[in-house]
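Tertiary structure, described
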Amino acid sequence: MVISGDKGLSPAARSQLEKEIANLRAQREALAPQPGEQERTGDAADQADVIDRAEAAARLDRQIADLAAKMEHGGYGNSQLPDGTVVSLRFPDGDEETFQVVTVPGEDADAITSDSPLGLALVGAKAGDEITYRTPRGDAKATVVKVTPPK
């Protein structure tokens with residue numbers, strides 16, 4: 001299978017990851033203690049605020065590390081479809097829809113992420129296969145019409 005982009009990421013996915021990391025780093029910087037803040041011994045509310053900010057900073061650090069790992073190692077493994085794969089599905093009501101697999105969610109309504117339940121259900125599927133995936137309302141089914149790997 002041909003993989004587009006560097007480390008399996010399309011240029012658009014790489015750009016989106018870079019923007020997201022920059023945004024998270026800016027949020028993280030805003031949580032950094034101000035000069036002299038750690039030396040102060042305030043009341044319980046001040047101490048609770050410092051703890052809350054430290055926990056939020058730790059969450060942001062984990063998110064940054066996860067996104068950096070995606071950039072470093074690629075957006076998928078053997079258990080995910082490559083970024084840029086196009087998939088056409090037929091649903092039980094007869095509707096057919098075409099989706100593009102993306103590594104990083106964006107604003108495209110016709111995209112599915114490679115690690116979503118639907119994206120994961122498509123791994124290894126080929127035209128004619130029926131897949132089952134989880135939704136908030138329970139299991140759903142679709143028939144694969146076509147899978148086109150990225151160029």
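Going by the structure above, here's the rest.
As a starting point, this report considers the structure included with it.

Cut-off values and rules
Within each chain, residue numbers correspond to sequence positions counted from 1 in written order. It should be noted that, the model being predicted, local features are given only for residues of pLDDT at least 70 and side-chain atom pairs only at 80 or more, the latter also being counted only at that level, while totals for whole chains, interfaces and linings use all residues. Note that the side-chain values use all heavy atoms of the structure and ignore hydrogens as well as water. Under the DSSP-based scheme used, a helix requires at least four consecutive residues in state H or I and a strand at least two consecutive residues in state E, with every element numbered from the N terminus. Throughout, exposure labels follow a simple rule: accessible area from a 1.4 Å probe, protein chains only, divided by the maximum for the residue type, with under 20% read as buried, over 50% as exposed, and the rest as partly exposed. Pairs of residues are marked as contacts when any of their non-hydrogen atoms sit within 4.5 Å. Areas reported as accessible are Shrake-Rupley estimates using a 1.4 Å probe. Residue values count occlusion only from the protein chains shown. To count toward a patch, a residue needs a relative accessible area over 30% and no salt bridge; like charges are then connected within 9 Å, while nonpolar side chains (Val, Leu, Ile, Met, Phe, Trp, Tyr) are connected within 5 Å. When a carboxyl oxygen of Asp or Glu lies within 4 Å of a side-chain nitrogen of Lys or Arg, that pair is called a salt bridge. The sign given to each residue is positive for Lys and Arg and negative for Asp and Glu; His and the chain ends receive no count. Every charge is mapped to an atom, namely NZ of Lys, CZ of Arg, CG of Asp or CD of Glu. Throughout this description, the term nonpolar core refers to a set of buried Ala, Val, Leu, Ile, Met, Phe, Trp, Tyr and Cys residues connected via side-chain atoms within 4.5 Å. Stacked, edge-to-face and tilted labels apply to pairs of Phe, Tyr and Trp rings (six-membered ring for Trp) whose centres lie within 6.5 Å, assigned for plane angles under 30 degrees, over 60, and everything in between, in that order. Any two strands between which DSSP finds at least two bridges are classified as paired. Orientation is described by lines fitted to C-alpha atoms, with helices fitted over the stretch in contact, and by angles between N-to-C directions that extend from 0 to 180 degrees.

So, about the overall build of the chain. Helix and strand counts for the chain stand at three helices and five strands. Written out in order from the N terminus, the α and β elements of the chain read α-α-β-β-β-α-β-β. By residue count, 33% of the 151 residues in the chain fall in the buried class. Summarising the internal contacts of the chain: among those between residues at least 6 apart in sequence, 52% fall at separations of at least 24. Carbon and sulfur atoms form 50% of the exposed surface of the chain, whose accessible area is close to 9,600 Å².

Together, Asp-93, Asp-95, Glu-97, Asp-108 and Asp-110 give the surface a local cluster of negative charge. Relative to the assigned elements, Asp-93 resides in the loop between strand E1 (86-90) and strand E2 (96-102).

Attention shifts here to the nonpolar core. In this structure, Leu-89, Leu-118, Leu-122, Ile-131 and Tyr-133 are the most contacted members of the largest nonpolar core, which totals 15 residues. Counting residues per element, the ones that place at least two in this core are E1, E2, strand E4 (130-135) and strand E5 (138-148). If one sorts the elements of this core by residue count, E5 sits on top with three residues. When near neighbours in sequence (up to four residues on either side) are disregarded, Leu-122 contacts Leu-81, Val-87, Leu-89, Ile-112, Ile-131 and Val-144.

Now for the packing of aromatic side chains. Inspection of every chain in the model, using the stated rule, returns one aromatic pair. Consider the rings of Phe-91 and Phe-99, whose centres lie 6.5 Å apart with planes at 90 degrees: the pair is edge-to-face.

Spatially, five strands are ordered E3-E2-E1-E5-E4 in an open sheet, and the strand pairing comes out mixed. At either end of the open sheet lies a strand with only one pairing partner, and these are strand E3 (111-113) and E4. Neighbour to neighbour, the strand axes of the sheet diverge by 45 degrees on average, direction disregarded. Where E4 and E5 come together, six bridges link them in antiparallel fashion. Directly across from Glu-130, in E5, lies its bridge partner Thr-143.

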